[in-house]
Every structure is written in structure tokens, then in C-alpha cells.
Amino acid sequence: MIPELGHFALILSLFVALALGILTVAGGQTGRREWIALARPGTQALWLLTALAYGCLTYAFYTNDFSVVYVVQHSNSSLPAMYRIAGVWGGHEGSLLLWHFMLTSWMMAVSLFSRQLPDAMVARVLGILGLVAVGFLLFMLITSNPFLRLIDIPADGRDLNPLLQDPGLVFHPPMLYMGYVGLAVPFAFAIAALLNGRLDAAWARWSRPWATAAWVFLTLGIALGSWWAYYELGWGGWWFWDPVENASFLPWLVSVALIHSLAVTEKRGLFRNWTIVLAITAFSLSLLGTFLVRSGVLTSVHAFATDPRRGVFILIFLFVVVGGSLTLFAMRASKVRSSGSFALVSRETFLLVNNVLLATAAATVLLGTLYPLIVDSLNLGKLSVGPPYFNAVFVPIMVPVLLFMVVGTFARWKSDGIAALTRKLGATALVSVVLGCALPLLAGPWSALAALGLSLALWIVLSSVVHIARQLKDTARWQSTPWSFWGMHIAHIGIAVCAVGITMVTGYETEKDVRMAVGDTVSVGGYTFKLTGIREANGPNYRADVGDVELIRDGKVLRTLHPEKRTYFSSTMPMTEAAIDTGLTRDVYVSLGERLQGGDAPAWAMRVYHKPFVSWIWGGALLMGLGGTLAALDRRYRKKRATAAARSAIPGVAA
């Protein structure tokens, strides 16, 4: 009964979303107030129906309803309750339902928190999001129904993928999907503005907090995925340029450019065409990521092994969204003219340069991700594009991005001078270079790349501190400083902290792969690891070999680490659970491998690492998320706008 209710809720959702999309967009264009008035209640009805469907699937997992095909494929009666609930998004069908639930949640948020905006504009935005929801509902109901039933009900399920039975994977997919789907909101604002023909500062101001909020979720989702891969997969890496990792990184890069382009459009009325293109591109890349993950063209720990027919459906949907959006843009582009001008040396110039660099960086990542797939599809052989390519082309582009990020923060709008900027930034630049070149000597052999990375990071931090100090000096009360100012600098400092982590762990990490018997020791990074024993342990649905490894420094035992090698009852694939001692300036990391044959005493393969400052990568991401949150909550986005502006958003009503 419960699965049938969920299926019925999805079917009803399709009709509600279709009616919402057609009527509210038409109402916004024609000014029919009775259709415009349907936007908010229609959105709330769509959200309730989607929540009902999602709740039904969650209930089926929690109660071990093995009459549902999807539950059989991704759950088991011995699975802990937390992972039964997380199993809802452990496969293709359920994760797509989660995606749709996130989309309707964003729509609900727009309906609740955009009451200060013109009703016609909100109706267009919600209508466009409703049409996007129609696409995903059709995808679910035609190719990916999570509520399909079995006639012969098995006694138990196959279990959730062991890789996903981890707390990190409970939170990572929802956070990432919130970012992915959240980019539909600035996309909808862009299309609504094109339909209305008014791409002014007001449109950018309305759209900007939603773009920032989506970027925050995407940042935290990517960081959680990186952290999970670091401690769960046992290879000690935090980023491998995996195609599915790249699929989330691409919209992140473009959304960074979008946020800053919206700032210029809001403040100066410039870059309007560029901002529209970025909004369309960011959402299109999130759809492309959906295709890569769900089409079956990739083999990855992050990808869903699915039928290629689903990939064809997503490609058609992607073509409709991108093609329709760009066609509308082409029709309206001649009417979208930026007013005003700016000098070569100005904040606008530096923001534009960084936008172009970020777009170029995204293009290089996209090329490296898709080129092997294109070669393979043309039967030209198998080709692998890995870290050497990405490191060689991506890093040089990001160096000037960090450089201009600081200069752009200090440059004045419209026009500035080289001499004035030199006076503002010269001292911090000099101190940063001196310290950046000296600090690598404390970590090990001097490295030019390490010196460059640390110099840039220090320059960002010191410049932000100087800017904050000047702001507080010039402002009577620090409370009067806008939240967006604090958010900007916290996010920039977060990027610097992340850059320190990447620089130090890339340049100075050490690792050893060794054979160890009980009583053996190995030294890495000034620490000694001593294997004192291997014992068996039983979990709720697995058996594990657990190592007892003493972490020793200067002859003193700091703690005992317990790496595991787990074998799940439903799977013969062994899983590694690394043991990590995390400190402010380093991680020491040990993973237990397979038992080795031969030798006089039982021995195991062990991998040990010393990773300086690696935790700063995720600490920096948290700071970026905090900064973005403060910027999105700035009080100017919550102010009521003039009634004239509201009237002007309805066709036929004079401003």
C-alpha cells in the first residue's frame, strides 16, 4: 500500500508541475493575476506531494519492504537503521527522487523567502523550475521508477554497496545534490529575466543570494566527498581528478564566476550578457554531471552503473534545456545592453579577467573529462587522462586567479591607478613573498612551487586582514558593516587556507608501503608505527581484521590506531577502513592491506603516510561555506523594493 501511494504521489506531482510551469509562466508574461497567484500554492502542493513520495520510499527502506525492487537491490535486514535510511539515495532511482525532492525544496524556499520580489517575477521563476521538475519526473516515471514491485518477494535484500556504508556518505550526496539542483534557481531567474526583457540591477540582486547559497552547498558537498575518499578508500588521496569528481567541480568553477559577475551586474549594470551565459552554463554543467554519473559511460566509485537508455533521456533533456535557453538568449541578446564604462585598471577589469580565467579553467577540466569518452565512442581506442594533464593545465590558470582576487578586492569601481594599488598592496605583497619563500625551509627541501603557493595564500590572508582593519577604522560601529563584506573576506581566507593545505601536502607528504608482521616498526615523517597485533571483530553486517598500531614519537606512545579490513556478509569485496591521527598541522595515516603469503611469521601489507596540513583543505572549505552563508544572508537582499518596480515587472503596467 505504501509503495503504491508513493507512486501515485509521483504521477500527481507530474501533473501539478506541468500545470504550474505552463500557467505561471504564461501568467507572468500576460499579466493575468489569477494565474500568477497560483505560483506559491502550486509550489507548496508540489513539494508536499514530492515529500510524500520520498517519505514512502524511506518508510519502505526502514521497514525492510522487500516487495519493492529498489529496496531489494540496495538494502538488507542486517543493515543498521542509519544506512537503511541513507540507502534511499544509494542507487540511481532513489538518488533521482532525492534530486527531485531537493529541487522542490528550493522551489519552496523561493516561494517563502521571495515575498519582497514582484509577484510576476516569482511566478516566472517558479514556473520555469516547475518545467525543469517535469523533465525529472518524466525521467523517473519512464526509466527510473523507484516504486516497482516484485511478485515473488525475497527473504532478504542484496545490501547497500559497502563503499556507501559510512557516515560521510550519509551527508555527502544530499549536500552535493542541494548544490547541483540549487543552480537551477539562478538559471530560472536568468530565463525569467530574459522572458521579461529586464536584465537590470534588480534582477542581479534578486538572483545573487540564491546563486551564493547553491555555491555554498556545492562547496560543502565536494569537500565532504573529498574527505570521504581520503579516509575511506585507503589510498590517502584527497582528489584524483576522477571524471565524476570533475562533474561536480565544473559547475563549482562556473558558479564562482557567476557570483562575481552578478556582483558587477548588481553594482554597475555591466556584464549582463556574460552573467546570463554563466547562469545557463552552470546549470547545464550540473545536468551534464547527471548524464556522466547515470548514463553508464563511466566506471567510477561515484558512478551509478545504469542502462544507457537513461543517458539518452538525459542527453535529450540537456539538449532541450541548453538549446532552448541559448535560443531565447539569442533572441533577446540584442536588447540586453550594458550601460556604463570602466577603465583598464578598475575592479570591473580584474573581476572580468578572473571570470575569463575561471571559465578557461572549467573548459580545460571539461576537455580532459570528455575527450577520453569521445575517443572511446568513436572506436579510436582507450585513452586515460589523469592528474598529470590536469595539474599541468589547471594549476597555471589558477595562480593568476588568486593574484587578481586580491587586487580586485582593493581596486576601486570604474577607475583606479597602478600607483594607488601599489601603495595599498605593496607592503603586504613584500611581506608575503619573504615569508612564503622562507617557510618551506621549515618543512623540508626548498621548493619553488611551495614558495609560490604559500606566498599567494599569505598575500590573500594579510590583504584581507588589512582590508578588514581599514573598514573597522572607517566605520563608526563594526555592526554597521554589511554581512557580505565579512562573507567575502572569510571566503577568501578560506581559499587561502585551502591553498596552504594543497601546497603543503602536495610538496611534503611522505608515504611507505611495507610488509609488517606483529612487532615490526616503520618510520615516516618523524613518527614510528609499531604493529602490536591483528585481531578479528564482528560488526552488524561484516567481519573485520583490526590492526593495533602504536603511534610513537621520541620514544613515547602517543596513541594506538586501529585500521580495519572489512568483509561484508553480502559481498566478497574487502573494504579498507583507514586509521588517522589528525592534528592541526599534520595527519598520520595507516591502512591495513591484505594478509601476505610466505615468510616465517604471518604478515600484512601496510600503508603509512605523513600528510602535513592536509586537514586545512577541508578547513578552508568550511570557511568558504561560512563566508558564502554570510554573504547570502546580507540584509540588503531582504529589503522591500519600491512598488513601482513591482508594477513594472508585469507587462502592460507602467513603472
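Residues numbered from 1 in each chain as written. Predicted model: local features only at pLDDT ≥ 70, side-chain atom pairs only at ≥ 80, totals over all residues. Heavy atoms only, no water.

1. As for the pairing of strand S5 (residues 556–561)
In step 1: For strand S4 (residues 542–553) and S5, the ladder comprises 5 bridges, and the chain directions are antiparallel. For Glu550, the partnering residue across the bridge sits in S5 and is Thr560.
In step 2: What sits between the antiparallel neighbours S4 and S5 is a turn of 2 residues, in which Asp554 has the positive phi angle 55°. (Pairing = 2+ DSSP bridges. Helix = DSSP H or I, 4+ residues; strand = E, 2+ residues; numbered from the N terminus.)

2. Here's the deal with the pairing of strand S2 (residues 521–524)
In step 1: In S2, alternate side chains face the same way, and those of Val522 and Val524 are buried while those of Thr521 and Ser523 on the opposite face are not.
In step 2: Here S2 pairs with strand S3 (residues 527–538) via 4 bridges, running antiparallel. Along S3, the bridge assignment pairs Thr521 with Lys530. (Buried < 20%, exposed > 50% of the residue type's maximum accessible area, 1.4 Å probe, protein only.)

3. Points about the sheet that holds strand S9 (residues 586–596)
In step 1: The sheet built from 4 strands is open, its strands ordered S1-S10-S9-S8 with antiparallel pairing. Here the strands that pair on one side only, and so sit at the sheet edges, are strand S1 (510–517) and strand S8 (579–582). On average, each strand axis in the sheet is inclined to that of its neighbour by 15°, with strand direction left out of account.
In step 2: Relative to S9, S8 runs antiparallel, the two sharing 4 bridges. Each residue of the ladder has a partner; that of Ile580, found in S9, is Tyr589.
In step 3: Running over the sheet, helix H10 (residues 201–232) touches S8, S9 and strand S10 (603–612) and is turned about 50° from S9. (Axes fitted to C-alpha atoms, helices over the stretch in contact; angles between N-to-C directions. Contact = heavy atoms within 4.5 Å.)

4. A few points about the side chain of Thr409
In step 1: Looking at the secondary structure, you find Thr409 in helix H15 (residues 387–410).
In step 2: Once residues within four sequence positions are removed from consideration, Thr409 is found in contact with Arg347, His467, Met488, His489 and His492.

5. As for the packing of H15 against helix H19 (residues 483–508)
Two numbers describe a pair of packed helices, the interaxial angle and the distance between the axes.
In step 1: Remark: H15 packs on H19, axes separated minimally by 12 Å, with the N-to-C direction vectors making an angle of 160°. Judged by the angle between their axes, H15 and H19 are roughly antiparallel. Note that H15 runs across H19; the crossing there is left-handed. On H19, the residues touching Leu402, Met405 and Thr409 of H15 are Met488, His489, His492 and Ile495.
In step 2: Split into classes, the residues belonging to the contact of H15 with H19 amount to 4 nonpolar, 3 polar and no charged. (Parallel < 35°, antiparallel > 145°, perpendicular 65-115°, else oblique. Left-handed = near helix turned anticlockwise from the far one by under 90°. Nonpolar A, V, L, I, M, F, W, Y, C, P; charged D, E, K, R; others polar.)

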